[in-house]
Amino acid sequence: MTAMWTAGAILLAGLAVVITLWWTSRTRNDFLTQEQRITFETLHTAWSAAPPLRAGLVPEAAKKSAKHLRTLLGTPALALIDDTEVLAWEGGGDHHATDAVGLAAEVFATGRTRAFDIACDEPDCPVHTAVLAPLTVEGRVVGVLAAYSREPSAGLARATNEVARWASGQLELAELDRSRTRLVEAEVRALRAQISPHFIYNSLSAIASYVRTNPERARTLLLDFADFTRYSFRRAGDFTTLSEELRSIDQYLALERARFGERLKVTLQIAPEVLPVTVPFLCLQPLVENAVRHGMEGKVGPGHITILAADAGEEAHITIEDDGIGMDPEALRRTLAGQVGATAGIGLGNVDERLRRCYGDDYGLVVETAEGLGTKISVRVPKYQPGVHA
Amino acid sequence: MSSTYGIVAVLVVAVGTVLVGTYGLRVSRTTSDFFVASRTVSPWWNASAIGGEYLSAASFVGIAGLIFAHGPDMLWFPVGYTAGYLVLLALVAAPLRRSGAYTLPDFAEARFGSAAVRAVASVLALGIGWLYLLPQLQGAGLTLHTLTGAPDWVGALLVAVVVTANVISGGMRSITFVQAFQYWLKLTAIAVPVVFLVMAWQAHGARDLTGPELPVFPRETAVSFDTDTSVHVDEPVVFRGAGAVDGRRVEGSAVLPEGEHSVAAGSRLVFPEGAAVPRVSTIPFNTNETWALPLRGGESFPLYAVYSLIIATFLGTMGLPHVIVRFYTNPNGRAARRTTLIVLGLLGIFYLMPPIYGALGRLYAPELLMTGDTDAVVLVLPSRMVDGLGGQLLGALVAGGAFAAFLSTSSGLMVSLAGVLSRDVLRLRTVRGFRVSTVLAVLVPLGMTLLVGRVPVADMVGLAFAVAASSLCPLLVLGIWSTRVSTVGAVAGMLAGGVPALVAGLVTISAGGGNVFLARPAAWTVPLGFVVMYVVSLLTPRRVPPGVNHVMVRLHAPENLGLRSQDRL
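Residues numbered from 1 in each chain as written. Chains lettered and ligands numbered in written order. Predicted model: local features only at pLDDT ≥ 70, side-chain atom pairs only at ≥ 80, totals over all residues.

Notes on the overall build of chain B
Heads up, the condition is: In DSSP terms, a helix is any run of H or I states spanning at least four residues, a strand is any run of E spanning at least two, and both are numbered starting from the N terminus. Radius of gyration: over C-alpha atoms. The globule rule applied is 2.2 Å multiplied by the number of residues raised to the 0.38 power. Three exposure classes are used. Buried residues have 20 or more other C-beta atoms within 10 Å of their own C-beta, exposed residues have 12 or fewer, and partly exposed residues fall in between, all C-beta atoms being placed from the backbone. Each residue is represented by a C-beta atom placed from its backbone, and any two residues with such atoms within 7 Å are regarded as in contact.
The helix and strand inventory of chain B stands at 23 helices and 8 strands. The C-alpha atoms of chain B give a radius of gyration of 24 Å, which matches the 25 Å a tight globule of 569 residues would have. Dimensions of chain B along its principal axes, counting C-alpha atoms only, are 90 × 60 × 40 Å. When burial is assessed residue by residue, chain B has 57% of its 569 residues classed as buried. Pairs at least 24 apart in sequence give 80% of the contacts found in chain B among residues at least 6 apart.

Notes on helix H8 (residues 152-169) of chain B
Note the threshold: Expected span, for any helix, means 1.5 Å times one less than how many residues it has.
The terminal C-alpha atoms of H8 of chain B, which comprises 18 residues, lie 26 Å apart, in line with the 26 Å expected from a rise of 1.5 Å per residue. Along H8 of chain B, the positions that sit buried rather than exposed are Asp152, Gly155, Ala156, Leu158, Val159, Ala160, Val162, Val163, Thr164, Asn166 and Val167 of chain B.

Section: the pairing of strand S7 (residues 264-270) of chain A
Under the convention used in this document: Paired strands are those between which DSSP finds at least two bridges.
Sheet topology note: the S7 of chain A/strand S9 (residues 303-312) of chain A ladder contains 7 bridges and is parallel. In the sheet register, Leu268 of chain A faces S9 of chain A, and the bridge partner there is Ile307 of chain A. By the bridge criterion, 2 bridges tie S7 of chain A to strand S1 (residues 30-31) of chain B in an arrangement that is antiparallel. Residue pairing across strands places Leu268 of chain A opposite Thr31 of chain B, the latter belonging to S1 of chain B.

Quick look at the interface of chain A and chain B
Counted only if it meets this: Amino acid classes used here: Ala, Val, Leu, Ile, Met, Phe, Trp, Tyr, Cys and Pro are nonpolar; Asp, Glu, Lys and Arg are charged; the rest, including Gly, are polar.
Counting residues at the interface gives 45 residues for chain A and 57 residues for chain B. Of all the secondary structure elements, the ones that give two or more residues to the side of chain A that touches chain B are helix H1 (2-26), helix H7 (215-233), helix H8 (242-260), S7 and S9 of chain A. Considering only residue class, the side of chain A that touches chain B consists of 25 nonpolar, 11 polar and 9 charged.

With respect to the pairing of S9 of chain A
Residues and elements named next belong to chain A. A large share of S9 lies buried, amounting to 7 of its 10 residues. One ladder, built from 8 bridges, connects S9 with strand S10 (residues 315-322); its direction is antiparallel. Residue pairing in the sheet places Ala310 in a bridge with His317 of S10. Count of turn residues in the S9/S10 antiparallel hairpin: 2 residues, of which Gly313 carries a positive phi of about 65°.

What about the nonpolar core?
Keep this limit in mind: Residues of type Ala, Val, Leu, Ile, Met, Phe, Trp, Tyr and Cys that are buried and joined through C-beta atoms within 7 Å form what is called a nonpolar core.
If you look at the biggest cluster of nonpolar residues, it comprises 193 residues, and the most contacted ones within it are Ala121, Val159, Val377, Leu381, Phe403, Ala464 and Ala469 of chain B. Looking at this core, the element that brings in the most residues is helix H17 (residues 388-425) of chain B, giving 20 residues. The contact partners of Ala469 of chain B, leaving out residues within four places of it in the chain, are Ile311, Ala312, Leu315, Gly316, Gly319, Ala522 and Val526 of chain B. In terms of nonpolar packing, the next biggest core, distinct from the first, is built from 48 residues, Phe228, Cys283, Val288 and Tyr363 of chain A among them.

Here we look at the sheet that holds S9 of chain A
The strand order across the open sheet formed by 6 strands is S11(A)-S12(A)-S10(A)-S9(A)-S7(A)-S1(B), and the pairing between neighbours is mixed. Here the strands that pair on one side only, and so sit at the sheet edges, are strand S11 (366-369) of chain A together with S1 of chain B. In this structure, S10 of chain A lies alongside strand S12 (residues 375-382) of chain A, joined through 8 bridges in antiparallel fashion. Residue pairing across strands places His317 of chain A opposite Arg380 of chain A, the latter belonging to S12 of chain A.

Side note on the sheet that holds strand S3 (residues 114-117) of chain A
Residues and elements named next belong to chain A. As a reminder, the rule being used: Where helices are involved, their axes are fitted lines through C-alpha atoms of the stretch in contact, as for all axes, and angles between N-to-C directions lie from 0 to 180°.
Here we have 5 strands laid out as an open sheet, ordered S2-S1-S5-S4-S3, and antiparallel in their pairing. Here the strands that pair on one side only, and so sit at the sheet edges, are strand S2 (86-91) and S3. Neighbour-to-neighbour, the strand axes of this sheet turn through a mean angle of 20°, independent of strand direction. Where strand S1 (residues 77-81) meets strand S5 (residues 140-149), 5 bridges bridge the pair, whose relative direction is antiparallel. Looking at S5, one finds that Leu78 is bridged to Ala147. Of the strands in this sheet, S1, S2 and S5 touch helix H3 (residues 59-73), which is tilted by about 40° from S2.

A few points about the confidence of the model for chain A
Let me state the cut-off plainly: Confidence scores labelled pLDDT are given residue by residue by the predictor and lie between 0 and 100.
Summing up the model confidence of chain A, the mean pLDDT is 83 and the portion of residues at 70 or higher is 92%. Here H1 of chain A stands out as the least confident element of chain A, with mean pLDDT 73; S12 of chain A is the most confident, with 92.

As for the packing of helix H4 (residues 57-70) of chain B against helix H7 (residues 115-148) of chain B
Geometrically, a packed helix pair is captured by the angle between its two axes and the distance between the axes. Residue and element names in this part refer to chain B. Our working definition: Throughout, a crossing is termed right-handed when the near helix is turned clockwise from the far one, and left-handed when it is turned anticlockwise from it by less than a right angle.
Where H4 contacts H7, the axes come no closer than 10 Å and their chain directions differ by 65°. Seen along the crossing, H4 lies across H7 with a hand that is left-handed. Here H4 contributes Ala57, Ala58 and Val61 to the contact with H7, which in turn contributes Pro135, Gln136 and Gly139. Tallied by class, the residues present in the contact of H4 with H7 amount to 4 nonpolar, 2 polar and no charged.

Some points on the packing of H4 of chain B against helix H16 (residues 377-385) of chain B
All names here are of chain B. Basically, it comes down to this: Our angle categories are set so that under 35 degrees counts as roughly parallel, over 145 as roughly antiparallel, 65 to 115 as roughly perpendicular, and the remainder as oblique.
For the pair H4 and H16, interaxial distance at closest approach is 8 Å and the crossing angle is 80°. In terms of orientation, H4 and H16 fall into the roughly perpendicular class. In this structure, H4 uses Phe60, Val61, Ala64, Gly65 and Phe68 to contact H16, whose residues at the interface are Val377, Val378 and Leu379. Class assignment for the residues of the contact of H4 with H16 results in 7 nonpolar, 1 polar and no charged.

Quick word on unusual backbone geometry
You will see that Glu138 of chain A, though not glycine, has its phi angle at about 50°, which is positive. Among the secondary structure elements, Glu138 of chain A is positioned in the loop between strand S4 (129-137) and S5. Of note, the phi angle at Ala206 of chain B is positive, near 45°, even though the residue is not glycine. Looking at the element boundaries, Ala206 of chain B is found in the loop between helix H9 (176-203) and strand S2 (221-224). The class of Ala206 of chain B is exposed, set by 9 C-beta atoms lying within 10 Å.

Here it is in structure tokens:
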């Protein structure tokens, strides 16, 4: 029976190793000197306050950051105030919160740090004096950091001022984050509107050429065109399923086939298990469009496009390949790095950026290409990612 | 025993699985037609695939062995394994699919938005997966041992290597068609021989299965002992042979009087036709008549044991990592429900077969009661009952089916475990991270297999079910049906249910049996998990995740209400 004990011990040891790995991957403990420890603790507190500040001046996040900011200043009470209300009051004496907006109005007006004396009848109230410092974003006062204490001191005023400046920096970063998000949203909108005029012109003339010779085909193509534009112009929802994205690609390719005829050859290999996977809206169609353009451009013979989607446990692996003229890797690298003016692979940079924002930097596009040797673009999509729903 | 055909069958299954896994998709799904390429997995295919992945060593060889040794109480194993899907269907299937989660840790995160809940669910899923993988490897060892006499670790190592190589090379990852094929292969492998076995039983005069006598040797039988075995003799028997009994060398004829005896490893004893079969001491005294009665399985609190088994198997299915991931393949919640319904039917048909092997085994292979290799009853019966080439081919079919069971269940588990390891433990979300994790995922259970002796396969699986039912089942059921569960409550409940169940189970395997409250812990650990999760949640209302109502709408609103897709132009 000792063998079985051993087996049990191995199972537990295995779990222990796993937990240890998990733990060490999160925390690293080293021995610190006194100064290092103080630096570490101060920065760590500041660091803990940063993420909620990065969410901007909203009540929910302000409550979280106020807690850390109070630790940082070591005052009995601390408040974050915007131009209309007290967003968060951390610590005791919160009956003074009602007066805080009035005090803050002066700071809003002048944009300078000010100290106030506060009268209070309650004997054990920790609030007798307050230092109010402005939180500024791009030179504009957006909020006030109020530090309350028993006795006025120059040190507190200076410390509060510095903390407010640091917090302002974080708020500016928050503003930057928001601008970036707006930019990406704008890019997605632009991408939706980016169905190229050439494509519309080419599709319509191809359809027109069938109207008399093959009215049935013309009708099918028109329906494909309608469905394709409806999908591309849809307003809401940042995500869709792989099967819907593929359906739109099918309509797109049907229209391109009407133009290129038998020259455009498509091979598909889609694992049915990955069809329900949630993917960012319009994350594959630009890649296919790119493949069609590079695969057919400057060519007389047929061009092959291969679309593969395989199941890989927790991820889906999607590959889009063409045997066309390829791209200049340097130019492509510049496009993916977001440099303006680079023209190789329009749309790829946007898809790459959106994938990275959704899933992290491990999940960018992988492009294998060289001039004259075709292009192969690989996308990995995790089957589940928090916050991602079709 | 007719090993050649059996070995060929095992090899064919192994190689065939690898080939179909590697090339199947390429052959079946390469097309230029979008209509063909975008066909989703139909509930029938998906249900077959779930059956293929689910019917493990425990189902294929373990249940028959337990029924053979302990009687009809063990019928609750197949009933529970099937009914688990009924609970899954009613309470979990559709909301789980709608949550968008791929694994159980994913569900924990989607529902609670908390890294801590996710981490605990990951560790539990890992532990359950390892416990479930262990009996698969053991079963493979047993099969190869029965076929060739090779040591137990050979089969375990073979399955481990084949599955690891496959998962790493990218083949055999939850490919629906392969797994669906495995179900039908297993059903064929267990059902076709049954037809012949019943015909043979009829031809031999349809002897009473539940007669009032002890199991007797149907013909002169040589019994070989690989390990030191303690046997109980209920009726004195004459035997001849070579070996050591009760510490004395025996050569030629001798009599075993009534009572306990020990037989040394390496002994080979020949018993005459019609002699009553001695039994291993762990198997209770039963004539064929009393064997067929309920609550005669030899436990000290048989009714408690039965109810505990029912709770573990009914509620444990939903916590098995490789079962949950298959639901993701369904396009929506409705398809998930349909799939589950079909699974119920498919499993129901399959589980009709093992009890027949168990019952016939008492007439035709009773010497397994003496060696304790009761799990081998499915493997030896066909060649025992059907003479000549036919019997050997049927034996090969059963062996191939058993091996398919080990391969498919192990590969499903390995993919799930490697996923959890690479994502939540190593935090390497790359292809290389997945490969490293796969190796890590197989080493732990393999190490345990090489050290553990023979524990009944179905008992080990029962333990995995008990842990799943006590920890992940409360998480799923309360997480889906209650808005009041807090993150603290979820973690506390999973630990309060899962840790005692795990410890009780490990103590039981280490001691090789013992106290029924530890051997079948589910009856007290499952309520413990549920109660702790709910009560702690009520005590910590501030830790209920924000946005819970939003999540609930997503889990419960049918897709065609259009509540979730605002995208119609």
